[in-house]
Amino acid sequence: MNVRSWLKISVDLAMTLCLLALMCFQSTGPAVHEVLGCAMFLLLLLHTALNLRWYAALARGGWTPLRVCQTLLDFAAASVLTAQALSGMHISGLLGLSRGMELARSIHLACGWWSFVLISLHAGMHLSFAGGLARLALGTAHKHVFPAFRAAAAVLALCGAREFLRSNAIPCLTLKAGFAFFDFSKSAVSVAASNFSIMVFFMLAGSVCFWLLARISAK
């Protein structure tokens, strides 16, 4: 791969790690959270710049169910991330606005969870590409590593599904929560592990969706 491809992979990985850290507000605190939010917005702009060719190619080629789903998912994730950044700027006072603070908090909470879900699904739909890179790196050893990796991912995804249902995610996603309720007794490692398992759950869901849509598109 060329330098541009490696840069795109590095930016995507940085966005994923930054998003995970943003979901650990009770461990990082508001100051670090704001810095991470600014970094996430800058990474989004860089990600968009690196994928301008993809935007330019939207008018070309056929539209299979897989391409339609991936395109809608990409635009939804970008829109939610932008709304999350703007609402965060409103809450922190960077926009110089005093009205609508309660609405801004609700939007920020909802967009935080929606961006987490959508980006996880997006990453899951590109796991086949990551798997190809892993096969090249591991060589024949991937035949022994991949089965154990899949089993661990399945167990972690089940834990993620449980953690998602136990969290305050659903009220936030539906704009029914104006405030986030955090368990400050949980350690930073525990919070990060919980969020990571939720991410794995949605990544696995995205991978399954990609497989199903690819089969439908092939027909």
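Attention here is on the structure that accompanies the text. Keep in mind that this is a model prediction, so the values were computed, not measured. (Residues numbered from 1 in each chain as written. Predicted model: local features only at pLDDT ≥ 70, side-chain atom pairs only at ≥ 80, totals over all residues. Heavy atoms only, no water.)

### A closer look at the side chain of Ser197
- The topology assignment puts Ser197 in helix H10 (residues 188-218).
- Here Ser197 falls in the buried class, since its relative accessible area comes to 4%.
- Beyond its immediate sequence surroundings of up to four residues, Ser197 is in contact with Leu156, Ala157, Cys159, Gly160 and Glu163. (Helix = DSSP H or I, 4+ residues; strand = E, 2+ residues; numbered from the N terminus. Buried < 20%, exposed > 50% of the residue type's maximum accessible area, 1.4 Å probe, protein only. Contact = heavy atoms within 4.5 Å.)

### Looking at the nonpolar core
- Membership of the largest hydrophobic core comes to 36 residues, with the highest contact counts inside it found for Met15, Met40, Trp113, Phe116 and Phe164.
- No other element matches helix H6 (residues 101-124), which puts eight residues into this core.
- The residues touching Met40, leaving out its near neighbours within four places in the chain, are Met15, Cys18, Leu19, Leu22, Leu81 and Ile119. (Core = buried A, V, L, I, M, F, W, Y, C linked by side-chain atoms within 4.5 Å.)

### A look at the packing of aromatic side chains
- Evaluation of the coordinates by the stated rule reveals seven aromatic pairs.
- Ring geometry for Trp54 against Tyr55: centres 4.9 Å apart, planes inclined by 80°, an arrangement best described as edge-to-face.
- With 5.2 Å between their ring centres and 85° between their planes, Phe164 and Phe202 make a pair best called edge-to-face. With Phe164 in helix H8 (residues 142-166) and Phe202 in helix H10, the pair connects residues that are 38 residues apart, well separated along the chain. (Phe/Tyr/Trp six-rings, centres within 6.5 Å; stacked < 30°, edge-to-face > 60°.)

### What to know about the pattern of salt bridges
- Within the structure shown, the criterion is met by two salt bridges.
- Its salt-bridge partner being Arg166, residue Glu163 comes within 3.7 Å of it at the nearest N-O pair. Remark: Arg166 and Glu163 occur in helix H8; sequence separation between them is three residues, near one turn of the helix.
- On the basis of relative accessible area, Glu163 is assigned to the buried category, the value being 15%.
- With a relative accessible area of 61%, Arg166 lands in the exposed category.
- Here the salt bridges do not stand alone but share partners, grouping Arg162, Glu163 and Arg166 into one network. (Salt bridge = Lys/Arg side-chain N within 4 Å of Asp/Glu carboxyl O.)

### Section: the packing of helix H5 (residues 65-92) against H10
- At a closest axis distance of 7 Å, the pairing of H5 and H10 adopts a crossing angle of 140°. Classified by the interaxial angle, the pair formed by H5 and H10 is oblique. Of H10, the residues touching H5 (which contributes Pro65, Leu66, Cys69 and Gln70) are Phe210, Leu213, Ala214, Ile216 and Ser217.
- Considering only residue class, the contact of H5 with H10 consists of seven nonpolar, two polar and no charged. (Axes fitted to C-alpha atoms, helices over the stretch in contact; angles between N-to-C directions. Parallel < 35°, antiparallel > 145°, perpendicular 65-115°, else oblique. Nonpolar A, V, L, I, M, F, W, Y, C, P; charged D, E, K, R; others polar.)

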